[in-house]
Amino acid sequence: MLANDKIVMHGANHNIALSEQAELVRDALLVAGLETPMVDNGLTAEEKRLKIKQSMTAIMQALGLDLNDDSLQDTPNRIAKMYVNEIFSGLDYKNFPKITQIENKMSIDQPVQVTDISLTSTCEHHFVTIDGTATVSYIPNKTVIGLSKINRLVSFFAQRPQVQERLTQQVMVALQALTGTKDVAVSINATHYCVKARGVRDTNSYTKTSSLGGSFNTDRDLRREFFQI
Ligand SMILES: Nc1nc2c(ncn2[C@@H]2O[C@H](COP(=O)(O)OP(=O)(O)OP(=O)(O)O)[C@@H](O)[C@H]2O)c(=O)[nH]1
Ligand SMILES: [Zn+2]
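The model shown is predicted, which means the values in this text are computed figures rather than measured ones.

### Notes on the domain arrangement of the protein
Quite often, the size of an interface is put as the accessible area lost when its parts meet.
Next, step 1: Assigned domains within the protein: domain 1 (45-90) and domain 2 (101-228).
Next, step 2: Here domain 1 and domain 2 have C-alpha centroids that lie 31 Å from each other.
Next, step 3: Interface area, domain 1 with domain 2, both sides summed: about 530 Å², of which 58% is carbon and sulfur.
Next, step 4: If you sort the residues of domain 1 by the area they bury against domain 2, Ile-87, Phe-88 and Gly-90 come out on top, with a joint share of 82%.
Next, step 5: At the boundary of domain 1 with domain 2, the tally comes to 0 salt bridges.
Next, step 6: Joining domain 1 to domain 2, the criterion identifies 4 residue pairs in polar contact (both at pLDDT 80 or more).
Next, step 7: Here the residues of the side of domain 1 that touches domain 2 are counted per class, giving 3 nonpolar, 2 polar and 1 charged.

As structure tokens, then:
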């Protein structure tokens, strides 16, 4: 188990404690070239909320909305809280979930599959909702991961501005790093509200993506079995 916390310097003034697991996953994504493009602006969560609140106020004023209206006046603050604390909380590795693993004493060598994990994310091109499900399968090596932790991992990376392809890959690489096996497969089916609610306004189509690692990629039967779930 990787449980010890350690102090990491982040930005100019902030000592931010990241878990060893968060660091492991972040480093694996960087090496794979799959990290979300981010710049460390050194802002605290409080400073981020304040800046976003001011910017949302400006956007609403530009739209000609009356910020003195009692229904609208708290919207900039609500959005700032929603972005930082909720739908973009996965940009901050301090929010990385604790991933409990147990020794694979049972010598499980068959795929463990978690299907239909519900996810909502946000399209990074339009900042509107992506609504879908994920299926994750892995073949345990030395450890077995707590089942709910797979859902939490999907949720962490979904709480970022995303393209579906990157989200799918990030979940796979994170699980590979945490479990020490390449044998991980992830698929996501999702509706993009930038396609459904605006632009081309297609209300039926959805997007399927998959990332296959290790023997899921090389073993045709395993691959077929995964896609038949
Ligand atoms: N590959 C990929 N594309 C995405 C995803 N989410 C949104 N997009 C697409 O990103 C593209 C952005 O294209 P632009 O032409 O710059 O934006 P736009 O003018 O709003 O395009 P329309 O949506 O066609 O109106 C669109 O085709 C979106 O459908 C995603 O997760 N993966
Ligand atoms: Zn979009």
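Moving on, there is more to tell.
### Some remarks on the UniProt feature "domain: GTP cyclohydrolase I" (unreviewed entry) in the protein
Next, step 1: Here the UniProt feature "domain: GTP cyclohydrolase I" (unreviewed entry) sits at residues 52-228.
Next, step 2: In this annotation, residues 52-228 is assigned 39% helix and 25% strand; the end-to-end C-alpha distance for the span is 44 Å.

### Side note on the pairing of strand β5 (residues 129-138)
Along any regular strand the residues' side chains alternate between the sheet's two faces.
Next, step 1: Taking burial as the measure, the 10 residues of β5 include 7 buried ones, the bulk of the element.
Next, step 2: Here strand β4 (residues 112-123) pairs with β5 via 9 bridges, running antiparallel. Across the sheet, residue Gln-113 finds its bridge partner in β5, namely Ser-137.
Next, step 3: What sits between the antiparallel neighbours β4 and β5 is a turn of 5 residues, in which Phe-127 has the positive phi angle 55 degrees.
Next, step 4: Sheet topology places β5 next to strand β8 (residues 184-192); 9 bridges connect them, and they run antiparallel. Considered in β8, the bridge of Ala-134 is made with Ile-188.

### Some thoughts on a nonpolar patch on the surface
Next, step 1: Together, Ile-59, Leu-63 and Leu-65 line one region of the surface with nonpolar side chains, adding up to about 290 Å² of accessible area.
Next, step 2: Checked against the element boundaries, Leu-63 lands in the loop between α2 (45-62) and α3 (75-87).

Rules used throughout
- Residues numbered from 1 in each chain as written.
- Chains lettered and ligands numbered in written order.
- Predicted model: local features only at pLDDT ≥ 70, side-chain atom pairs only at ≥ 80, totals over all residues.
- Heavy atoms only, no water.
- Domains from an automatic or database assignment.
- Buried area = accessible area lost by both parts, 1.4 Å probe.
- Salt bridge = Lys/Arg side-chain N within 4 Å of Asp/Glu carboxyl O.
- Polar contact = N/O pair within 3.5 Å; in protein donor to acceptor, adjacent residues only side chain to side chain.
- Nonpolar A, V, L, I, M, F, W, Y, C, P; charged D, E, K, R; others polar.
- UniProt positions renumbered as here; feature names shortened; annotations may be inferred.
- Helix = DSSP H or I, 4+ residues; strand = E, 2+ residues; numbered from the N terminus.
- Buried < 20%, exposed > 50% of the residue type's maximum accessible area, 1.4 Å probe, protein only.
- Pairing = 2+ DSSP bridges.
- Patch = residues over 30% accessible without salt bridge, like charges linked within 9 Å, V, L, I, M, F, W, Y side chains within 5 Å.
- Areas by Shrake-Rupley, 256 points an atom, 1.4 Å probe, with all protein chains shown as cover.

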